[in-house]
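Structural characterization, general
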2 protein chains.
Amino acid sequence: MNELELIARLAPGLATNASVVVAAGDDCAVLELGLPDRWLLFKTDAVVEGIHFTPEAPPRCVGHKALARCLSDVAAMGGIPNSALITLALPRPFDPLWVEKMYEGLNATARRHGVAIAGGETTTNPERILISIALIGTVEKARCLLRSGAKAGDALFVTGELGGSLAGKHLEFEPRLAEARWLAGHFAIHAMIDLSDGLAGDLRHLLKASGGGAELLARAIPVSRAARRRPQGEPSAKSPLLAALSDGEDFELLFTLPASEAVPLADAWRKRFPEVRLSCIGKITAQPGLRLRDKKGLQPLPEHGYVHFA
Amino acid sequence: MNELELIARLAPGLATNASVVVAAGDDCAVLELGLPDRWLLFKTDAVVEGIHFTPEAPPRCVGHKALARCLSDVAAMGGIPNSALITLALPRPFDPLWVEKMYEGLNATARRHGVAIAGGETTTNPERILISIALIGTVEKARCLLRSGAKAGDALFVTGELGGSLAGKHLEFEPRLAEARWLAGHFAIHAMIDLSDGLAGDLRHLLKASGGGAELLARAIPVSRAARRRPQGEPSAKSPLLAALSDGEDFELLFTLPASEAVPLADAWRKRFPEVRLSCIGKITAQPGLRLRDKKGLQPLPEHGYVHFA
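Below is a short write-up of the structure. Note that the coordinates shown come from a computational prediction; the quantities given were computed from them, not determined experimentally.

The secondary structure content of chain A amounts to nine helices and 13 strands. Relative to the 2.2 N^0.38 estimate, which gives 19 Å for 310 residues, the radius of gyration of chain A is 20 Å and therefore close to what a compact globule would have. Dimensions along the principal axes, computed over C-alpha positions, put chain A at roughly 60 × 55 × 45 Å. Only carbon and sulfur atoms are counted for the fraction: they give 54% of the accessible area of chain A, which is about 12400 Å².

Structure follows, in structure tokens:
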């Protein structure tokens, strides 16, 4: 049994109460606490040395990444982040300079987005550094964007460029908070998710919550320069398109809205965010499953093992 | 530099915003989010295998402890816990049965206190299990109990019995949520803290926030049976009194209120909580420092190295 199967098995039995609007299964938990017209967003995310960052990664970037991952989840709900608590688990002895630099990066990102570092704790993890961030935010009930809500016929959009994040972007990406707030405020977004597991994987998460399927247009997928530059020719090499479909940690926004709003959105976006690419990459379909349209026609995108695909 | 010195050095420079009522330095962060008449409480706490629990500890108890530690912090603010997110960092492969049992304990404790498990995440920590809990709660602004607020002349009370928690209580204690709510609702509590670092250490935390000092009455300190049963005679042995003063993880409430309320409190407590001991163990003084009154008279309680004391 892997972790996802285990969590899926445990989730239905977990304690709940009248505050819970959305529990596990979206980018953040959504809670009704009596805030006028708003819900509370609640998220945790951990990064672990040797898993999410290497010992050689600049500590400022590690601190940035730890917080920015959570911020990206608040963005995906259309929300405003408010306060974070930092859990820092360290080997003993530890390098105080590393910790200080890590906090510098984290703190700078917090300031840039108006987030308070309201406390936290330091504990011991003898073999490696682990940083867990707990973040709260708020969102207007009328603007809260869930993974569910996508409808057949919706246009499917993605921000930025995809693939190859491990070449550097994963340590430096800026969470799409401003973009998501603008989208939630100006367009009838039906569903949104942030890309952490890769376009194909996260689109499946969105479809699992919304129902239906999706058709992707291969030539419309915004393949990043890093994905194009990947070494090719090795048996394990991914094509640039496959990298854009399956690499994790893009931290871009994937969302759907009625097809009739696609052109007005594209026009308004170019004026508001001229430096951020926005791509219409396909559509939501009533037919379940994920399909890719390329020169060879329309073909199913298998859930696993598409290493030799595309 | 140890972790506490490092955090103390970093804390003043951390990002803040208008929501923060109390940041690091109390049992929970306190946030003004616009809830009518209430503040939000926000807390994280982690337990690590080999540090906070042994591999042999029953997983149900580990799950209980992980959540109950956070609940105890909400209790110490006079608050009501609402929702938790669970971060579970596991070696690979892991024992799904252990995880299931751990969740059973955690979930039962959550249900008992009306807390929703609103999600969380599973990640990898190759060498040992780490469980971090993020908890939110609320508290009426008028009832929020801080570490600051103790005044010279206040009576000093503690719930339960102290010392020797590692013999078993640390895995089974019940957070004093009902007791703290009742106290906050019926008496003019000036300051409160939960005991995690030991009576003397946590009293110092309270005094650091409140100013002033305290005088403890040795014969009034409620020494637990576990503290009395500790093996004696070894050079490293603690006396039962010293164990009650310095052992950690009691998770009892330490609080102060005007001396004039001490007798009414003791009377009302016996009727409301007949099975929970409540002890008046001393008083707050204008003179800084911690002093212990025993048969030999009044003597200072040194901050470090009182192993040979009492």
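Quick look at the packing of aromatic side chains now. Residues and elements named next belong to chain A. Counted under the stated rule, the structure contains 15 aromatic pairs over all chains. For the pair Trp182 and Trp269, a centre-to-centre distance of 5.8 Å together with 75 degrees between the ring planes defines the contact as edge-to-face. Here the residue Trp182 occupies a position in helix H5 (residues 177-186), and Trp269 occupies one in helix H9 (residues 262-272), the gap between them amounting to 87 residues. The exposure classification of Trp182 matches that of Trp269, with both residues buried. Site record: aromatic cluster; members linked through ring pairs are Trp182, Phe187, Trp269 and Phe273.

Let us now look at the relation of the copies chain B and chain A. Once chain B has been moved 0.0 Å along the axis and rotated by 180 degrees, it coincides with chain A to within an RMSD of 0.0 Å. With respect to symmetry, the two chain copies, as superposed, fit the operation of a two-fold axis. For chain B, the smallest separation between a C-alpha atom and the rotation axis is recorded for Leu35 of chain B, amounting to 2.4 Å. In this assembly, 100% of the residues forming the interface of chain B have copies in chain A that are likewise at the interface, indicating an isologous arrangement.

The next subject is the pairing of strand S13 (residues 297-300) of chain A. All names here are of chain A. By the bridge criterion, four bridges tie strand S12 (residues 289-294) to S13 in an arrangement that is antiparallel. Residue pairing for S13: Leu292 is matched across the bridge by Gln299. The antiparallel hairpin formed by S12 and S13 contains two residues in its connecting segment.

Residues and elements named next belong to chain B. With their axes 6 Å apart at the nearest point, helix H2 (residues 59-76) and helix H3 (residues 96-112) run at an angle of 40 degrees to one another. By the criterion of interaxial angle, the relationship of H2 to H3 is oblique. The way H2 lies across H3 gives a crossing that is right-handed. Packed against H2, whose contacting residues are Pro59, Arg60, Val62, Gly63, His64, Leu67 and Leu71, the element H3 presents Trp98, Lys101, Met102, Glu104, Gly105, Leu106, Ala108, Thr109, Ala110 and Arg112 at the interface.

Listed as interface residues are 66 residues of chain B and, on the opposing side, 66 residues of chain A. Interface of chain B and chain A: buried area, both sides summed, is about 5300 Å²; carbon and sulfur atoms make up 63% of it. When the area that chain B buries against chain A is broken down by residue, the three leading residues are Glu3, Ala15 and Phe42 of chain B, summing to 11%. Put simply, chain B and chain A have four salt bridges between them. Note that Glu100 of chain A is salt-bridged to Arg9 of chain B, the shortest N-O span being 2.5 Å. Put simply, chain B and chain A have 25 residue pairs in polar contact (both at pLDDT 80 or more) between them. Sorting the residues of the side of chain B that touches chain A by element identifies helix H1 (3-10), strand S2 (29-31), strand S3 (38-48), strand S4 (80-90), H3, strand S5 (116-124) and strand S6 (130-140) of chain B as the ones contributing at least two each. Here the residues of the side of chain B that touches chain A sort into 36 nonpolar, 20 polar and 10 charged.

Here the focus is H1 of chain B. Every buried residue belonging to H1 of chain B is among Glu3, Leu6 and Leu10 of chain B, and all of these are buried. The arc that holds the buried residues of H1 of chain B, viewed along the axis, is 65 degrees, so those residues lie on one side. Those residues of H1 of chain B that are exposed and aimed more than 90 degrees away from the buried face are Leu4 and Ala8 of chain B. Where H1 of chain B is buried, its residues meet helix H3 (96-112) and strand S5 (116-124) of chain A.

One can find Lys296 of chain A in the loop between S12 and S13. Distance from Lys296 of chain A to Pro222 of chain A, taken between C-alpha atoms, is 19 Å for residues 74 residues apart in sequence.

Residue and element names in this part refer to chain A. For the structure shown, the criterion picks out 42 salt bridges over all chains. Across the salt bridge formed by Lys141 and Glu32, the nearest N and O atoms sit 2.7 Å from each other. Of this pair, Lys141 sits in the loop between strand S6 (130-140) and strand S7 (155-159) while Glu32 sits in the loop between strand S2 (29-31) and strand S3 (38-48), and the two are 109 residues apart along the sequence. A residue is classified by how much of its surface remains accessible, and Lys141, at 31% relative accessible area, is partly exposed. For Glu32, a relative accessible area of 26% puts it in the partly exposed group. Residues Glu215 and Arg293 are paired through a salt bridge, measuring 3.0 Å at the closest nitrogen-oxygen approach. Of the two residues, Glu215 sits in strand S9 (residues 213-217) while Arg293 sits in strand S12, which places them 78 residues apart along the sequence.

Cut-offs used in this document
Residues numbered from 1 in each chain as written. Chains lettered and ligands numbered in written order. Predicted model: local features only at pLDDT ≥ 70, side-chain atom pairs only at ≥ 80, totals over all residues. Heavy atoms only, no water. Helix = DSSP H or I, 4+ residues; strand = E, 2+ residues; numbered from the N terminus. Rg over C-alpha atoms; globule rule 2.2 N^0.38 Å. Areas by Shrake-Rupley, 256 points an atom, 1.4 Å probe, with all protein chains shown as cover. Phe/Tyr/Trp six-rings, centres within 6.5 Å; stacked < 30°, edge-to-face > 60°. Buried < 20%, exposed > 50% of the residue type's maximum accessible area, 1.4 Å probe, protein only. Least-squares fit on C-alpha atoms with pLDDT ≥ 70 in both. Contact = heavy atoms within 4.5 Å. Pairing = 2+ DSSP bridges. Axes fitted to C-alpha atoms, helices over the stretch in contact; angles between N-to-C directions. Parallel < 35°, antiparallel > 145°, perpendicular 65-115°, else oblique. Left-handed = near helix turned anticlockwise from the far one by under 90°. Buried area = accessible area lost by both parts, 1.4 Å probe. Salt bridge = Lys/Arg side-chain N within 4 Å of Asp/Glu carboxyl O. Polar contact = N/O pair within 3.5 Å; in protein donor to acceptor, adjacent residues only side chain to side chain. Nonpolar A, V, L, I, M, F, W, Y, C, P; charged D, E, K, R; others polar. Arc of directions from axis to C-beta.

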